[in-house]
Amino acid sequence: MRKNIVAGNWKMNKTLQEGIALAKELNEILAGEKANCDVVICTPFIHLASVTALVDPAKMAVGAENCADKESGAYTGEVSAAMVASTGAKYVILGHSERRAYYGETVAMLEEKVKLALANGLTPIFCVGEVLDERDNNKQNEVVAAQMASVFSLSAADFSKIVLAYEPVWAIGTGKTATPAQAQEMHAFIRSIVAEKYGKEIADDCSILYGGSCKPSNARELFVNPDVDGGLIGGAALKASDFKGIIDAFN
Ligand code: 13P
């Protein structure tokens, strides 16, 4: 059975000291009870080694927000999948719309990143999603299907190791959330194309997270949908009580 996951994406927020403080606070909040979902926090690269050292791995996993599309070498400023894994991080967000839009990440680059992440034992959280204009023109399925090409070259064994996240770009950081029906419709579509490619069993086992202005007040109505297996959380992951409120939507 597929896992429910709540993953935080800190984006370019928090100094090292602030990040350590937030990770400590989350660790303490989660220490008491057993969450009904897996919890992941994805932090800037420089936080990874410190944060993995302080969180209880039984309560929370740590991930990066990106990795390089090259294995190693003369790529000034880049951070490889092997380097991420060497910090103790277990996950890596790939294909986030901000990376696609602001840093020119293409389907082909993302295919390389996903392969390198998997080769280094990381679980990619692979993001897809349409912009507003595409939704207004009813192109969302087409756009998302094209983005999935980065992961559809994987073997079935490798595909079954990844997590997907649907993040409609118009809902990210805007306070405008997809309705539960819009989220369910797209998640079901994504699962259907995964089933066509890899078969029903792998599609049924694939966790598909929703991202875009998810908060404690709307998490439950989103997560209750049969094809929504948790969330990828931006703004609300920066405050321990909000993030916990979203995790509690699975209680
Ligand atoms: P917000 O939750 O801030 O809308 O961000 C969502 C997101 O981009 C997570 O990756």
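Let me sum up the structure you'll find in this document. In this text, all values refer to a predicted model and were calculated from it rather than measured experimentally.

### Some thoughts on the pairing of strand β6 (residues 163-166)
Point 1. Burial along β6 is two-sided: Val 163 and Ala 165 facing one way and Leu 164 and Tyr 166 facing the other are all buried.
Point 2. As judged from the four bridges shared by strand β5 (residues 123-128) and β6, these two strands associate in the parallel manner. Bridge pairing in β6 places Phe 126 opposite Leu 164.
Point 3. Two strands pair when backbone bridges link them, and β6 and strand β7 (residues 208-211) are joined in this way by three bridges, in the parallel orientation.

### Some thoughts on the nonpolar core
Point 1. Among the nonpolar cores identified, the biggest contains 67 residues, and Ile 41, Met 148, Phe 159, Leu 164, Ile 190 and Phe 223 are the most heavily contacted of them.
Point 2. It is helix α9 (residues 180-198) that provides the largest number of residues to this core, a total of six residues.
Point 3. Ile 5, Val 40, Ile 125 and Leu 232 belong to the second-largest nonpolar core, a separate cluster that totals 13 residues.

### Remarks on the sheet that holds β5
Strand pairing in a sheet relies on backbone hydrogen bonds. The paired strands run either parallel or antiparallel.
Point 1. On the basis of which strands lie adjacent, the closed barrel formed by eight strands has the order β1-β2-β3-β4-β5-β6-β7-β8 and parallel pairing. The mean inter-strand angle of the sheet, taken between neighbouring strand axes irrespective of direction, is 25 degrees.
Point 2. In this structure, strand β4 (residues 91-94) lies alongside β5, joined through four bridges in parallel fashion. Looking at β5, one finds that Ile 93 is bridged to Ile 125.

### Points about the pattern of salt bridges
Side chains that carry opposite charge are capable of pairing whenever their charged atoms lie near each other.
Point 1. Applying the stated criterion across every chain, the model contains 14 salt bridges.
Point 2. Three or more residues are tied together by salt bridges with common partners; here these are Arg 2, Arg 191, Asp 227 and Asp 229.

### Some thoughts on the packing of aromatic side chains
Point 1. Inspection of the entire model under this criterion finds five aromatic pairs.
Point 2. Between Phe 152 and Tyr 198 the ring centres are 5.8 Å apart and the planes differ by 70 degrees, which places this aromatic pair in the edge-to-face class. Remark: Tyr 198 occurs in helix α9 and Phe 152 occurs in the loop between α7 (140-147) and α8 (156-159); sequence separation between them is 46 residues.
Point 3. Ring geometry for Phe 223 against Phe 250: centres 4.9 Å apart, planes inclined by 15 degrees, an arrangement best described as stacked. Taken together, the residues span a long stretch of sequence, with Phe 223 in helix α11 (residues 216-223) and Phe 250 in the segment after α12 (240-247) at a distance of 27 residues. Across this residue pair, the class does not change: Phe 223 and Phe 250 are buried.
Point 4. An aromatic cluster of at least three residues, connected via ring pairs, comprises Phe 152, Phe 159 and Tyr 198.

### Focus: the pairing of strand β8 (residues 230-233)
Successive residues of a regular strand alternate their side chains across the two faces of the sheet.
Point 1. Residue alternation in β8 divides its side chains into two sets, Gly 230 and Leu 232 and Gly 231 and Ile 233, and both sets are buried.
Point 2. In terms of strand pairing, strand β1 (residues 5-9) meets β8 through four bridges, oriented parallel. Note on β8: the bridge partner recorded for Ile 5 is Gly 230.
Point 3. Across two bridges, the pairing between β7 and β8 is parallel. Pairing of Gly 211 across the sheet is with Leu 232, part of β8.
Point 4. In the classification by handedness, the crossover that spans β7, the intervening α11 and the parallel β8 is right-handed.

### Thoughts on α11
Point 1. Buried within α11 we find Asn 218, Ala 219, Leu 222 and Phe 223. The arc that holds every buried residue of α11, seen down its axis, measures 130 degrees, which confines them to one face.
Point 2. Close packing links the buried residues of α11 with β1, α9, β7, β8 and α12.

So, how was this worked out
Residues numbered from 1 in each chain as written. Predicted model: local features only at pLDDT ≥ 70, side-chain atom pairs only at ≥ 80, totals over all residues. Heavy atoms only, no water. Buried < 20%, exposed > 50% of the residue type's maximum accessible area, 1.4 Å probe, protein only. Helix = DSSP H or I, 4+ residues; strand = E, 2+ residues; numbered from the N terminus. Pairing = 2+ DSSP bridges. Core = buried A, V, L, I, M, F, W, Y, C linked by side-chain atoms within 4.5 Å. Axes fitted to C-alpha atoms, helices over the stretch in contact; angles between N-to-C directions. Salt bridge = Lys/Arg side-chain N within 4 Å of Asp/Glu carboxyl O. Phe/Tyr/Trp six-rings, centres within 6.5 Å; stacked < 30°, edge-to-face > 60°. Right-handed = clockwise from strand over helix to strand, strands pointing away. Arc of directions from axis to C-beta. Contact = heavy atoms within 4.5 Å.

Any functional reading would require information that these geometric values do not contain.
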